[in-house]
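# Structural overview
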Amino acid sequence: MEDRIEKFLAELDLDRKLALISGASLFRMAGDPAIGLAEMPVSDGPSGVRGENWDESDPSVSLPCGTAIAATWDSTLLDDIGALIATEARRKNVYAVLGPTMNLHRSPLGGRHFECFSEDPLLTAEMAEAYVRAVQAHGVGACPKHYVANDSETDRFTVDVHVDDRALRELYLYPFERTVEAGAWMVMDAYNSVNGTTMTENPLLDEPLKGTWGFDGVVVSDWTAVRSTESAADGTDLCMPGPPYLWGEPLAEKIRSGEIAESAIDDKVRRILRFAIRVGGLDGTARPTPVFSDAQARDLVRRVASQAMVLLRNDGVLPLAPHTEVAVLGPSAREPRFLGGGSATVIPGHTVTPVEGLTGRLPLTHTAGVYLSEDLIPAPLAIMTDPETGEPGLSARYLAGDAVLGVQHRTSSRLVLLGEPLAAKSSAIELRTRLRADVAGDWQIGFGGVGHIRLDLDGETVLDENLAPESADPAAMLLDPPQRRVTRTLALGEEIDVRVVTGIEAAMPGLGIILGATLGIRRPRRDDDEEFAAAVELARTAAVAVVVVGTTEQIESEGVDRTSLRLPGRQDELVAAVAAVNPRTVVVVNSGAPVEMPWRDEVSAVLLAWFPGQEFGAALADVLTGVVEPGGRLPTTWPATSADVPVLDTSPVDGVLEYSESIHIGYRAWLRAGTEPAYPFGHGLGYTSWETGDLVVNERELTLTVTNTGGRPGKQVVQAYLSRADSAVDRPVRWLAGFGAVTLAPGESRTVTITLPARAFQHWGPDGWETEPGEFTVLVGTSVDDLPHAARVH
Ligand code: BGC
């Protein structure tokens, strides 16, 4: 391979080399036809593959989010997940999937917490490594991100994270080290600075990444994270997105004047060529990938979603007996979140809500009880008719003055235009549909967007405004722009012509035209108190109340951190009121990260569903009715209140975010503070009972026999922690050192073997990795707080 790389490199002059080290477009690496190098599209990632465009006409399978995957504690599931992701990538002509996201859950407020795996570096590394291996086994590149210490979102483009070497090596770099060891072909560097230098120029790219670890793949910048032309002399290899702006012509000048050595560029080009050979981009030979049928993909997503659900508490109400009459309540029962917000968004072609999933499985009634938001929702397809085609949907016309550059029939009223070539040439976009009222009453009709927007209803202009963005972060501008609305009283079945014209403003540097435009509605609804009372009434008369609560896209998303761990709206009040009238209340939490649950001791069961992907409702019905066990365990400590959380604040002070807690994050911090969380790291219940035999320790290998003593099949996750009394080094009270998951039939026994990595015994000292001689204690059990087995290891 190296000889071929040199041969191709020798054929390229400076301009052709420079063309390769910047993107060709927003999500596409540049090619060079003369040497047979294809343009290679890349795509977010990580929980599905969106493709180059954000377009509902090319849907994607939506998988469970990062916290959900980690909650399975079962890296073998990643073989199938990786194969599905690779299949999706091939289908969409994608050469690298921009994931996994493996920053750590340093604070539960972190806006991309849902996308990351865990607060623990070992659990993160195990999952991430399996993801990378599985995707790449099918010839598609994985791209672990964001290197490094991009653990929260506040001021993400400018924050300077101050973190000591030990915490870097033992916690934040460790998952990257493992994925590089596993052979990752691409790594994305982060927006933030670490210890004074922005990550796209940071010496950590040279050492340890490209130095000691020997990473020979491509370091791609996070989108627009390259800040200068001079940075081309540093460790970032590929500046995204394109077309070239900072590294194009200005860089050519600096190289010609001798300010930057051409050899620095050669190294980047070699890496890009190596990547191309690995993914079949240089000789055009795409590697085979397994083909998932639609039904197989759905089955897999459903299985992983149920394996990820964590049962925190159960007084015996679950699983529900056949024919149990349930009142399915809560705002997320019919309008759940399948996935988290931001660049991780994919558009699924098919979704199952909790209400849909439970319908037909159990007799049910439903009302939301609480409205989560005052926001307009994108007008649903079922009530829109495209006036151009007569089909369900809307028409999008791209206008340049009086000229119409193009017309698209769209089936989504939420347009996210990123790198859309037509948009780049247009001065405005017009959306038109005929909206049909499927209930009578006061409808709110409006739009979300940024810039100059006009709304006409039945030919009359009712809004004409200039909307300023509420945040400078492109993710928020695209996905959560400001909204405006008017109210119209409509009879059942009445139709109204809706037309939105939104101006296309100047392009954003490096990103080009980005535009989020939504044609939104809010249906007539009961007054808040009536709706609340209606839900409590349904709960009173049902055998079991299932309340599905959750966060919103505004709260848990890329680009912002949360400001509170409370559930939005009156959800806490609703759960308490339902539990007061129905002693058999089950709460399902639809969030990617911890939320406060002040009612947790007043309800019969609490089940965490995370953002479980498109099959949410089907998986939930499987778990509630006991077709399968909820297989998850907490990948992160669940606090009772934010006031208890030892590491919480993510706001930089004078631009600096101090990781002053050093190695003590997550359960390590809780143990050190001596504070009890609501539920500890590693905790999760199933539907059967277990016995474990004696722990046998042979050097770094642990064995233990596990028996399913109950009457149902079940999954157990055996966890091993190390601790060290009388240490000369500051250490956590204990730390995760290994784990193993088993699924057993009733009465079945299995010996679980866990090999603790040598690294689990090491710490980062002034001279690098060190092992303190002497005795460690190994503790084994089923959560960080439930460790009945102990042994000594020398
Ligand atoms: C995110 C990355 C993502 C990229 C491309 C950035 O804003 O931080 O995770 O891969 O956009 O969408």
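Scroll up to find the structure.
Just so you know, these numbers come straight off a predicted model, no measurement behind them. (Residues numbered from 1 in each chain as written. Predicted model: local features only at pLDDT ≥ 70, side-chain atom pairs only at ≥ 80, totals over all residues. Heavy atoms only, no water.)

Here alanine 130 shows up in helix α5 (residues 121-136). Residue contacts for alanine 130: discarding those within four places in its chain leaves Ser75 and Leu78. (Helix = DSSP H or I, 4+ residues; strand = E, 2+ residues; numbered from the N terminus. Contact = heavy atoms within 4.5 Å.)

Looking now at the packing of helix α15 (residues 528-541) against helix α16 (residues 571-581). With their axes 8 Å apart at the nearest point, α15 and α16 run at an angle of 30° to one another. As for the relative orientation of α15 and α16, their crossing is right-handed in sense. For the pair α15 and α16, contact is made by Phe532, Ala535, Val536, Ala539 and Arg540 and by Glu573, Leu574, Ala577, Val578 and Val581, respectively. Taken together, the residues that form the contact of α15 with α16 break down as eight nonpolar, no polar and two charged. (Axes fitted to C-alpha atoms, helices over the stretch in contact; angles between N-to-C directions. Left-handed = near helix turned anticlockwise from the far one by under 90°. Nonpolar A, V, L, I, M, F, W, Y, C, P; charged D, E, K, R; others polar.)

Residue placement: aspartate 266 occurs in helix α10 (residues 262-279). Classification of aspartate 266 by relative accessible area gives buried; the value is 15%. Excluding residues that lie within four positions of it along the chain, aspartate 266 makes contacts with Leu9 and Lys17. (Buried < 20%, exposed > 50% of the residue type's maximum accessible area, 1.4 Å probe, protein only.)

As for its placement among the helices and strands, methionine 127 is situated in helix α5. With 29 residues separating them in the primary sequence, methionine 127 and arginine 156 have C-alpha atoms 25 Å apart. The contacts of methionine 127, once residues within four sequence positions are left out, are Ile69, Ala70, Thr72, Trp73, Asp74, Ser75, Leu78 and Phe117.

Taken in spatial order, the six strands of this open sheet run β11-β28-β27-β26-β12-β13, and their pairing is mixed. On the outer flanks of this sheet lie β11 (310-314) and β13 (364-367), each paired with one strand and no other. In this sheet, adjacent strand axes meet at a mean angle of 15° when their direction is disregarded. Of the pairings in the sheet, the one linking strand β27 (residues 585-590) to strand β28 (residues 605-608) comprises four bridges and is parallel in character. Paired with valine 586 across the bridge in β28 is alanine 605. Packing against the sheet, α15 makes contact with β12 (326-329), β13 and β26 (544-550), and its axis sits at approximately 165° to β13. Each of β12, β26 and β27 touches α16; the most contacted strand, β26, lies at about 170° to it. (Pairing = 2+ DSSP bridges.)

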